Structures are given as C-alpha cells and as structure tokens.
Amino acid sequence: MRINIEVNGNLKTYDVAPDDYLLDTLRADNIFSIKRGCETSSCGVCTVLMDGKAVQSCTILSVKAEGHKITTIEGHQKEAKKLSEHFGHQGADQCGYCNSALALTVHAMKDEIKEPTNEDIKEYLVGNLCRCTGYEAQHRAIKLCLEDDE
Amino acid sequence: MKVVNQALPSVDGKGLMMGKKAYSDDYAEPNSLIVKVLRSPHPYAKIVKIDTTKAEALDGVELVLTYKDFDRRPFTRAGQGYPEPSPHDKFVLDNYVRYIGDEAAAVAAVDVRTAEKALKLIDIEYEVLEPVLDFETAFENKIIIHPEPEIHEMFPIGFDPKKNLAASYHMHVGDVDKSLEESEVVIEQSFYTHAQAHVMIEPHTVNSRMDYQGRLVIYSSTQTPIHVRRIISQALDYPLSKIRVIKPRVGGGFGGKQQVHGEMFVATVTIKTGKPAKMIYTRKEVFESSYSRHPMRFDLKLGSTKDGVLKAIDAYVVSDTGAYGEHALTVFMVAAAKVFPLYNKVDSVRFHGNVVYTNHTPGGAYRGYGAIQGNFALESAIDMLCHKLDIDPIEFRHKNMIKETETSPIFKIMGEGGEGIEMFMDTCKLDYCVKRGYELIKWKDIYPNKYLGNSKYKGVGMAIAMQGSGIPYIDMASATIKLNDDGFYNLMIGATDIGQGSDTILSQIAAEALGTTLDNVIPYSSDTDLTPFDTGAYASSTTYVSGNAVLKAGKEMRQMIINEAAKVFNVKPEDVEYDGVVLKSGENEITLKELSNRLYYNEDQKQLQITSSYYGTKSPPPFMAGFVEVNVDKETGEVEIVDYVSVVDCGTTINPMLAKGQVEGGIVQGIGMAMYEEVIYTKKGKLVTNDLMNYRIPTRREINKLTTEFADSYEKSGPYGAKSVGEIGIDTPPAALANAVYNAVGVRITTLPITPEKILMALKEKEKGE
Amino acid sequence: MEIVNYFKAKTIEEAYEKLQEDKANLIIGGGAWLRLSSKTVETAIDLEHVGLNQIKETKDTIEIDAYVTLREVEKNETLKNLFSGIVSKGVNGIMGVALRNLVTVGGSIAGKYSFSDFITPLLAVNTEVVMYKAGKMPLEDFLKLRSREKDIILKIIIKKEEMLGYYYKMKKTGLDFAVVNVGITNQDGHYKIIVGARPSLATFAVKAMEFINNQKEVTEKVMEETAKIAGEELKFGTNSKAGKEYRTELAKVYIRRGLKEVTK
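Just so it is clear, the model here is predicted, and its values are computed rather than measured. (Residues numbered from 1 in each chain as written. Chains lettered and ligands numbered in written order. Predicted model: local features only at pLDDT ≥ 70, side-chain atom pairs only at ≥ 80, totals over all residues. Heavy atoms only, no water.)

Details of the interface of chain B and chain A
You'll often see interface size given as the accessible area lost when the parts meet.
Part 1 of the reasoning: The interface is formed by 57 residues belonging to chain B together with 53 residues belonging to chain A.
Part 2 of the reasoning: Interface area, chain B with chain A, both sides summed: about 4,500 Å², of which 55% is carbon and sulfur.
Part 3 of the reasoning: The largest per-residue losses of area from chain B upon contact with chain A belong to Met17, Ile201 and Arg700 of chain B, which jointly make up 22% of the total buried on that side.
Part 4 of the reasoning: At the junction of chain B and chain A, the tally comes to 7 salt bridges.
Part 5 of the reasoning: Residue Asp19 of chain A pairs with Arg113 of chain B through a salt bridge whose shortest N-O separation is 2.5 Å.
Part 6 of the reasoning: Across the chain B-chain A interface, the total number found is 29 residue pairs in polar contact (both at pLDDT 80 or more).
Part 7 of the reasoning: Secondary-structure elements contributing two or more residues to the side of chain B that touches chain A are α1 (13–17), α7 (283–289) and α17 (656–676) of chain B.
Part 8 of the reasoning: It is α17 of chain B that provides the largest number of residues to the side of chain B that touches chain A, a total of 9 residues.
Part 9 of the reasoning: Per-class residue counts for the side of chain B that touches chain A are 25 nonpolar, 15 polar and 17 charged. (Contact = heavy atoms within 4.5 Å. Buried area = accessible area lost by both parts, 1.4 Å probe. Salt bridge = Lys/Arg side-chain N within 4 Å of Asp/Glu carboxyl O. Polar contact = N/O pair within 3.5 Å; in protein donor to acceptor, adjacent residues only side chain to side chain. Helix = DSSP H or I, 4+ residues; strand = E, 2+ residues; numbered from the N terminus. Nonpolar A, V, L, I, M, F, W, Y, C, P; charged D, E, K, R; others polar.)

See below:
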C-alpha cells in the first residue's frame, strides 16, 4: 500500500504492508531517534507525536498514520536541546536510549497540562520507563525545564 | 581540582536526546540480511532429525544454519578474561537443546517476514527428554544436562557435568562448627533469591559486514568488545586479525551485555554469504534466551555472644546457572567474598556449595554479581539475630562491622575464580555512612514502627554493603591520549561506556591531569581496531582501573608537552612552568596551541601520543549504608516506599551528579528485585514473565524520594582518590526492605520478591499462630 | 497478527458489509496489542472515517462513540465530576498516556478483557452498549453475549445520575494490570458492587448487593458483612499476578473500604 504521512513537516510517501508498524517504517527512513524496546506498548521508547499527541509507534500500524502529522524529536530539536541542558546539569543522562521519546512526551505534556504538579508529571510519564537513572534526576530536570517556560 | 569532582554535564547527553545516530542498529547496513533464531519449545530435547530444505527453498532465504554447520568446538559466551573461569560448555549450535528458548537453528533472509516464515518451515524432530527444573534437585540427579564429552573447564573450578555441576567451591576460616557450638545465640535460616532480569531498554543488537579489505566488521551492543572479538575468533575458528568489533552507544547493559549474544550468528552469516547481516533480539528473546541473575538458596547460620559479638558465619549455598555455566563460579564466590568481610571480627567463616545446571534460561553477569544475593541473606539474618538478642541493629553493626585500616582474612582466600589478595581498608567510611543514614531516615523517631491509622504502619530498615573496584591482577585497562594541532586532545579508551557515563568521567580525569577543560578532550570508545586494550565494563572496574590508566596517560602527555617546550626554549624540562594553556620559562612563553601547531606543521615535527596501561594490585571496596522508610498496610500487604536513603563511600566522586545517578539507578534496580520483579516459570519450564506486561520493573510512580549522599573519602590508590560506584547501589535494597517490612508489621520474608501477597499471607499465618 | 488487506471504511454500512464478507475479516480499533495475536486477518477494517469520533452530552446521558480514545474519555470534564469520577479514574490507571491515545472505547469493550479497568467502573454506573445490528443493551448483557454474529459497537451510553462512586485498582507498579479491581456506587442508598480481574471478567457481587440493599442502616458491621458475603460468593482464581486466597482477601478489604467511602 502507498501511504502519505507528514513527517516533521515534510510530506512523505511510503510503500507499506497493511501490518507494518510505524516504528519500522520510520526507522527504515533513517529516523533514528525512535527506538525499539519492548513490542508490548510498555516501555515508551518508540513514542512519536501524532497530530501533537503522544502515541507508541511500535503499536500503531503505519496505515493508521495516513493523513496525519507525525513528529519525532528530529522535528523538535530546540525543545530537546533545552531539556537536555537540564538533564546535563542534574546528572540525569545515562544510556540515553529513552531520552528522545521522553523529551517528546514532556513536550506533549506541556501542550496538554498547564503547570503540571509532581503527581501530574509522574502520571503523564509513567509509560516512559527508564532502567538507568532511578527517575529522581530526570524528575528534577523536567521540573526545572518546565519552570523555565514560566 | 578544577574538572574532577565537578558536576559537569555529560559529554554525550545532548546529542542522544536530540536523536542523533548513535546505537548499534543505527549503523546496520540498510540491505542487511535479517537473522532470526529458531528456539526450542522444550526445556530439554535431542534433535533427532532436522530438515531445512523447505526453508531453504523459500524465496528470499539466503542461509539456514543448524548444528551440522558448526564444528564441535565448545566455548563460553561469558565475556571474561582469558582463560575464563567459566566452563566451555556451549556450542554455537548443538544437537541438544537445554531450555525453552535455546537455539535450535538460525535463518538469514531478506526481511523479517521471510525469516519468520522460514523458521516455521524448518522441520525438526525432537526426542523430548525429561528436564531438571528444580535447582534444589539438580545435583547428582539421574538426568544429566551436559552429557557431551567435548566440554571442559579451563582450570579447576569444580566442574563436574556428570553431577550437573558447573562449579563448586569450599572455603573456611577457623573452626565454624566449634564456634557455633560455643555461641550463646545461634540463628539458622534459608533465603531464596530469584532470577532477576536486566531489562536494559535497548535489546541485544548486533550487525556485521565485510569491509573493503575483506575483514569482518561488527557493531555490537556490548560491554566487552575485546572479549567479543576473541570469542568469535575462537568459536568460529576465524583469524582474530580479520575481526573488528565496534561498540557504538549502548542502551544499558547492567552485566547483561558482558556475555556475547547474537554475534556468532551474524558473523557466520556474513562470513558464509559475504553479505551484511543484522540481529535484534525481541523483548521475549531478551527475557527467555539471554541471561539473568543466578537464583540462589542460602542456608545461613550465625552465632554470637549474648551481648552481641558476632562469632561465626556459616553458609551453604546452591546457585542455579541454568542451561549453561556463564559466570557460574565467580558469581557464586562474590556472594561471600564481597559480603562476608563486612563482619570481619568473627572467629570463623565457612562458605561452600554448588553451582548446578538446570533446564532454565542461563544465569550470567548482573550488576551486584552475587553480592546482592549474599547481602540479602546475610543482612536479613543479622537483623534476625539482633531481634533475638534484643539489640538495636544499628548498635550491632557499629560493634561488629569492618572499619578503616582493618582487614578480613577472606580477602586473601577468595578472589574471583581463584585466590584473592590480602587487603587493608585504606578507606572505609562505613561508620560515617551508618551514622549519617541513621540521622537522615530519623531512625530514632520511627524504629521499629509507628502506627499511622487505618491499618497502616510506618517502619524503617537498613543494610550495609560493600563491593570491589575491578579484579586485581586480571582487569587491565589502557588509554591513548593524542595531542592534535590547535592543542586539543583525543582520548581513546577501550573502556566501554554503556550509559554509566565513563566517556564523561574518564575525560574529566584526563582533563584534570592535562590541566585543560572538559571540552578540550574528545573521548572515543571503543573499537578494537582503534582503541587500546581494556577488559571492558564489568566488575566495577571502569573508574578505578580504566581511570588509573587515563590518569597515567594524562600525566605522561603533560610531561611530553613540557619536554617539547623545553626544547623550544632550550632549557631543562624542570625549568618549564605549565598551567595547561601556556608554557613558560623565564622570558620565554608559548601557548599549547602554538606549540602543537609548530609540532605538526613547522619545526621538529612529530606526533605526540601516549598509551598507558594499568592493572589493579588490589580492589578497594566502596561501602554504603542503605536505609528505607516504608508504610505497610496490614490488611492488604501493600508497601509504599517513602524514602530510600543512601550514604556511600566511593572515595572521590569524579562527577558527583553522575555518581549519584549510578547509586540511585542501582537502588531502584535493587528495589525492583526486592519488591516487584517476579520470575515465574510454568511447571513445564516455560517462562511466564517473558515480557514487560508480566515482568514489572519500577516506574516513576513507585519512586517517591531518594536521598543520596557521599562520605568524604579519598582512596590513595584510585584516580584522584576514586573507588568504584557502578554496582554498590544495587546491593542493599532487598535486605533493607525485608528488614523494614519486618520492623513495620512483624513478618520476615525470606524469599524474594517481597510481594504484598507474601506479606499478607505471612501476617495471616502469624495471626493463626498467636 | 498478520493482515492481508486493509480497508478504510467510509460508512458504517460499508464496514458492516466488509465484516460479513469473510470469516477472517476483523474490525481494528486503536490497534493496540495486535502484535500479541498470531491470527491472520484477511481484511482489517478501520473505522476512523465512519464518523464515530464524538462524545455527545444530552440532559440525561453521555454518549461516547466507539472510536473515541480512552484518553479522551479520561479527560472529559463531565465524567470527571460524575459518580465521584470513577470512570475517569478507571481509565487513568490503564498503561501510559501514549497507549491511551490509541486505544478506543469500542476496542476496549469488544475485547471483554478480564483485567479491564474500564468495564468495572462502567458496570458500577448505568451503561448501555449500542450495536449496529443488535441494537441497544445494558453493558452486563453485552458482556454475556455469546453470539456468533459479527457486529459493530457504535457507542456506549452512560446515564447521568447522582451517585457516589469508588474505584480501586490494586496493582504492583504504575504500569501493571490489576491484581483485583473494585467498583462501588451508592445511589440514594442503593449499592452496586463490582469486582474485576478475579482474574476473570468483572461481575456483580449479587448476594452482597442484595444483603446491603435490604439493610435499614448501613453500619460498619453491615459493610464488613457485605464484604464477607462478596468474598464468599465471587469466584477468585490464581494467575501470575496473584493467588486465589490473596485476591479474595484483597477484594473483601477494598469492598469494605469502598462502602465506607460511598456511605457518607
């Protein structure tokens, strides 16, 4: 099947099978920021934004993205850079494998929730697993990044 | 210190968050053959017939591999130094399969769909054999898991496959039976730990191609590129000089990527077809078909005087290494070697037992590496003893635990796989760690518990721990520093950054030694063609062993620069002053930038480059005290972890924020093992908890507060006073949490994980008894 | 799951016809967890463009179309305030935001998942399911439906009523499935008690409800007794999340606590 998806502002045409997943379609197009983690919609490292909302690209069929706007961190470089500076200062960087997806989800959260509380942040990001950091440093960095916007 | 002990941002975090190409799969050739493995549906079976004709005939299938394609050459996938202390008991493919998920055949095809279809077309006739699924019955069982004659140990490790023994071990100090007899108070208890999974978020990933010189180039998500190269060469009988292993960015390892995984298959496919190949484990494969923590049973006896002087520790231990013996002996030994010296004043110690084969997923290296198992048993038992003695556990530990300048006979007796090294504790701030943790957790106000109303009880618990800093006389690291024109440096290291931040902290060490800033040192790790030898990221060795190599190289490079300036000025080197930027001698002055440009373009041209290496002659342990506050609901068994306090002595923290990240990441993994991560097999030996819907690692919801501090400590033998910090964080949570739950509601859980169900059922049991 | 053809229906009629064409044709909701199925689907039918994407409010009801995502349900302001917010609370506990942005109401109901955190609270309030052919029926009847006829869920209708609600999902970590979940409502002294993830599908504690609804006064002792009856009448089982005995105990405790909360 031939489908059209707007990826990071560019209209793209992909030849896909009906049971291809968006993760595979986009990685084959050299979008390396989205990662493969678990195949059961549990870890969040494959997260992309579809029309601004966080969705898991390992779970959504490529055909379902047809006609929608997909954004990956390649399309939100400024936000990623800003959050990464806070990560750097808080020592929240470790393996980095989940960080692009986390930055995207933080971005979606900012769009959706005004002045999120500690609870809101944990709730919103609970689907973004991290095995390295223990979360505490990430949480500090995200809070500081949100405060920056105020 | 200007760079070391500074909380500088990591050198790589920004690019990674921005999504730059960095991890192994990002470097796979776009037209790679997809390698998939046919995995055994039986816990134990012999392949009687295998027919690949239908699979081979499928359009798009390039190659099908079975045991017939490989020589009978046993090896170990352990990823350790050579000769390995693990038995050579694995064939790339064998005519026996030994656990559900074991490799029966492999396929290379043009895409994933074709490869998966081809797997279904391989006809295998199995003779299904009765498995050994209970590790407590494995020893001398009539069922022998490794009957093949070719397998062997590299040196004596107690390997005896006819008895299902991958390894066995015995040590003692003094006369334990006599000490126990003389002890006024004795406690005896068995403890069980389970096969925790690493759950590094990047699955095992590897890809290969032939380069234009006809060499096999492999990108692997590995902790041990040098070992991977050697093991491929050995197992496939392929010249070492024709193999290049590149470790790009790794998405977490925690020991799981010390062992080799898909390397043998992609390498074979590329060697046989000349085509690029790649393999990514599915999450199910990561769970079922890689490695996990060795489950153990500890039968522990402690003896003490009635006023709380510990006299004897006696442990008989059985460890389950699963189908293959990776790290069988060494994990087993660490369960005592990096735990029992905590109580160094005892008269006698005995530690002995077996590491048995079973038809389960193999055990392997995992952060904590035996110490977490041993710590759970010993630190739980110590609290049980304190309870029996009616002594506060803090007071007991202050009285009995190891202190600075002291030693333990165990250090000399037990190393990793052999004898150890006599060591005195030049740095041991355990005393401070316990005192400080006691204050931070407000022990005095809470211990043992406080009723919160509505059936909830608040309790506190604690445990102390130690680890090592590399393996003395075995772990070797080297570092190359190259000065470039314009005066910046390349730091080439075999040490493998797997997310723990070693590229950053090794660059900090280099920058400090060179007198420059962090941005002036460009780290690169690691590539077996380009970076110097390093055994790899394991055994808490990187900061201490690789760090010392970097420090040495940095100092030597600094001297080389001074020597060159002395020539320019025509003075003696000792007459040159150098602040890392400007070289001066009297009236003479030259900047490093000018000097390097002169060296490369103008006069007396030469490359300044130095490679230095280091191996430890001891393994100074980091220490910590872990304290936890919990709220336990007596009606449901649910536990809320309110705060986890860690006070750590790891010497100097090269980067305090990253060191904190190592501790906190370890704590949360330890909490996961202690509370949430359950491993369930069916009666038929199939792993039920084989995905992230059934195997639950901690989410950010469970983590309310982590309080992490470091003791003021300076280890003279370490780089700028540092010891290791990668593993120590994981050790205390199981025992500290078991102790806290006991203190809160009065039930002792001795089998991990400590689930609400176990707590409630134990409470019901206790009610019945009362 | 293997999918041979993909069909984006433009109308519900078209979708229905396609569905009947082949036994192996299937409606795809949000598409979550397709990977877990080893089925081969001849034609997957997508409902994105048939116009089932609205949450409509009338004076007495909230009608939620089948293609609305769980995240949209969770964020609906009316539902947040009705029945002490138990429908929103139930949905909120399901996996992460990025999955709730995909999973649809129709898909969640159609699957009749025994671990569902959506069905339990919906049973505790007055919910009807509207099917394209079979028409309107109470949710509990829908759950019992064993019809072989393939039909399409159009929407669910939740009656806006004044009631106090309680929902609790016992789970081990933030992303876990329920070990047991309990939904309770109190509408003017009439109680409904539902227990899900036992581990089988959510169901009413009929005898317990009968007992409590016949009491003149709901004292703590009555609550205790109600919980006990529920514990005895409901079937609990063992799976990888927990054992039978623990589930039974847990349900009893949370029924008691829930009753206390909705009795004010």
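Structure's up, so let's keep going.
Thoughts on the packing of aromatic side chains
All names here are of chain B.
Part 1 of the reasoning: Under the counting rule described, the total for this entry stands at 20 aromatic pairs over all chains.
Part 2 of the reasoning: Centroid distance Tyr343 to Phe396: 6.5 Å. Interplanar angle 50°. Geometry classified as tilted. One end of the pair, Tyr343, is in the loop between α8 (328–337) and β15 (348–357); the other, Phe396, is in helix α10 (residues 393–400), with 53 residues separating them in the sequence.
Part 3 of the reasoning: Their ring planes at 15° and their centres at 4.8 Å tell us that Trp443 and Tyr447 sit as a pair that is stacked.
Part 4 of the reasoning: Look at Tyr447 and you get partly exposed, because its relative accessible area is 28%.
Part 5 of the reasoning: Through a chain of ring-to-ring contacts, the aromatic side chains of Tyr169, Phe332, Phe340 and Phe351 assemble into a single cluster.
Part 6 of the reasoning: A cation over an aromatic ring shows up here: Arg39 above the ring of Tyr281, its NZ or CZ 5.5 Å from the ring centre. (Phe/Tyr/Trp six-rings, centres within 6.5 Å; stacked < 30°, edge-to-face > 60°. Buried < 20%, exposed > 50% of the residue type's maximum accessible area, 1.4 Å probe, protein only. Lys NZ or Arg CZ within 6 Å of the ring centre and 35° of its normal.)

As for the domain arrangement of chain B
Residues and elements named next belong to chain B.
Part 1 of the reasoning: Partitioning chain B into structural domains gives domain 1 (16–129 + 204–280), domain 2 (296–471 + 618–769) and domain 3 (476–615).
Part 2 of the reasoning: Look at where the C-alpha atoms of domain 2 and domain 3 centre, and you get two points 39 Å apart.
Part 3 of the reasoning: Taken residue by residue, the interface counts 20 residues in domain 2 and 18 residues in domain 3.
Part 4 of the reasoning: Roughly 1,500 Å² of surface becomes buried between domain 2 and domain 3 when both sides are summed, with 63% attributable to carbon and sulfur atoms.
Part 5 of the reasoning: Looking only at domain 2, the three residues that lose the most surface to domain 3 are Ile654, Pro719 and Tyr720, adding up to 39% of its buried area.
Part 6 of the reasoning: Across the domain 2-domain 3 interface, the total number found is 9 residue pairs in polar contact (both at pLDDT 80 or more).
Part 7 of the reasoning: Taken together, the residues of the side of domain 2 that touches domain 3 sort by class into 7 nonpolar, 10 polar and 3 charged. (Domains from an automatic or database assignment.)

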